[in-house]
Amino acid sequence: MLIFDHVYKTYKGGKKAVNDVSLKIERGEFIVFIGPSGCGKTTTMKMINRLIEPSEGTIYLEGKDILKEDAVLLRRKIGYVIQQIGLFPHLTIQENISLVPKLLKWPEKKRRARAAELLKLVDMDNEYLERYPHELSGGQQQRIGVLRALAAEPQLILMDEPFGALDPITRDILQDEFKHLQQTLGKTIIFVTHDMDEAIKLADRIVIMRDGQLVQVGSPDDILRNPANEFVEDFIGKERLLQSRPTIQTVEQVMNLHPATITADKSLTDAIRLMKEKRVDSLLVVDENKVLQGRIDVEMIDLKRKKASHIEDILEKNIFTVPKTALLRDTVRKILTRGHKYV
Ligand code: ADP
Ligand code: MG
């Protein structure tokens, strides 16, 4: 659906807002860009929408360089929702929703029918069609902002912190509504937020940005279980990291059943050497790079019962992967205090 090929944006004054971004987004995906203020999220959205041009690199929409796309066609293909929805105060709700259809010269009757159909999606009746924005609540106005982006049936919808200005309850409701809407309509969505809860709730894949670069791309599960670095861990937050604890508790349960020696050593050969040297008969390998894949059914290695030639085989299958976080250190400490040996 959308490809970023080494995209850069340098603003006047030399600020690299987007710094070598490459990414592939599939049709129907719900992608959430997340990162601290100023990391380049809005710049990225504006480049997709061609409000600004990349300094270098190319963005392809359905295989075509967006800079070569017809301007009106691009408006139809891409819907755009921002925090400051910018409904026109002197236009009715119907007219506000119908801006792009009007640009595309849809007849009045069709525009009206489409606006009514969209209002129904968010449980607002036809009575609202003739109202003006100031006669709606903040949450309703934001819904209209979303509907306006959907009006001409775009294939791709960009949403730049669309719910940022709403109170938490309305925000929660709109998130649910919108996720449901996306599942029904099957659109490709790129959604920007700096709120990890929102990202986890909505995303098929999360893209974590920092200083114009992509730090990590993965499903919410991937990212929670395997944060790429401390920046991502901080962004996820201690509380949420703790919530991924059940898997680790299961590791502890395994450790309870199988007295073992833990090694933080990553190399297989080293692990085997250590086992021989220390004459330990069972082993749990902790590899910080692979992280909690939930391979809990792994049998512990019992050297007394296995032939030496099988050790490598067994080890290969038995590499536990746990992130190097405070959480892990706590777990390891707990296991050790139960009398297991650490090498
Ligand atoms: P985000 O949406 O992640 O908060 P932005 O994409 O808005 O970040 O901004 C990225 C960086 O580019 C920031 O440092 C910002 O100050 C800078 N920037 C944004 N727009 C402009 C502009 N028009 N001119 C110069 N610098 C800009
Ligand atoms: Mg922004």
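What you are looking at is a predicted structure, and each value in this text was computed from that prediction instead of being measured.

1. Points about the environment of Thr-170
Point 1. By the element assignment, Thr-170 lies in helix H7 (residues 168-185).
Point 2. Spatially, the C-alpha atom of Thr-170 lies 31 Å from that of Asn-226, the residues being 56 residues apart in sequence.

2. Remarks on helix H1 (residues 41-48)
Point 1. Burial within H1 is extensive, with six of its eight residues counted as buried.
Point 2. Taken together, the buried positions of H1 are occupied by Lys-41, Thr-43, Thr-44, Met-45, Met-47 and Ile-48.
Point 3. With its phi angle positive at about 65°, Arg-50 sits one or two positions after the end of H1.

3. A few points about helix H5 (residues 108-121)
Point 1. Under the 1.5 Å per step criterion, the end-to-end length of H5 is 20 Å for 14 residues, consistent within 8% with the ideal 20 Å.
Point 2. Residues of H5 that are buried include every one of Arg-111, Arg-114, Ala-115, Ala-116, Leu-118 and Leu-119, and no others.
Point 3. Buried residues in H5 make contact with helix H3 (93-97), helix H4 (99-103) and helix H6 (138-150).

4. What to know about the site of ligand 1
Point 1. For ligand 1, the full set of nearby residues is Tyr-11, Lys-15, Ala-17, Pro-36, Ser-37, Gly-38, Cys-39, Gly-40, Lys-41, Thr-42 and Thr-43.
Point 2. Between ligand 1 and the protein, one listed contact pairs an oxygen atom with a backbone N or O atom of Cys-39 at 3.2 Å.
Point 3. One of the backbone N or O atoms of Gly-40 is found 3.0 Å from an oxygen atom in ligand 1.
Point 4. Considered on its own, ligand 1 offers 560 Å² of accessible surface; in the complex 60% of this is hidden by protein.
Point 5. With three residues, the top contributor of residues to the shell around ligand 1 is H1.
Point 6. Of the residues belonging to the shell around ligand 1, the class tally is four nonpolar, five polar and two charged.

The rules behind each value
- Residues numbered from 1 in each chain as written.
- Chains lettered and ligands numbered in written order.
- Predicted model: local features only at pLDDT ≥ 70, side-chain atom pairs only at ≥ 80, totals over all residues.
- Heavy atoms only, no water.
- Helix = DSSP H or I, 4+ residues; strand = E, 2+ residues; numbered from the N terminus.
- Buried < 20%, exposed > 50% of the residue type's maximum accessible area, 1.4 Å probe, protein only.
- Expected span 1.5 Å × (residues − 1).
- Contact = heavy atoms within 4.5 Å.
- Near = heavy atom within 4 Å.
- Polar contact = N/O pair within 3.5 Å; in protein donor to acceptor, adjacent residues only side chain to side chain.
- Areas by Shrake-Rupley, 256 points an atom, 1.4 Å probe, with all protein chains shown as cover.
- Nonpolar A, V, L, I, M, F, W, Y, C, P; charged D, E, K, R; others polar.

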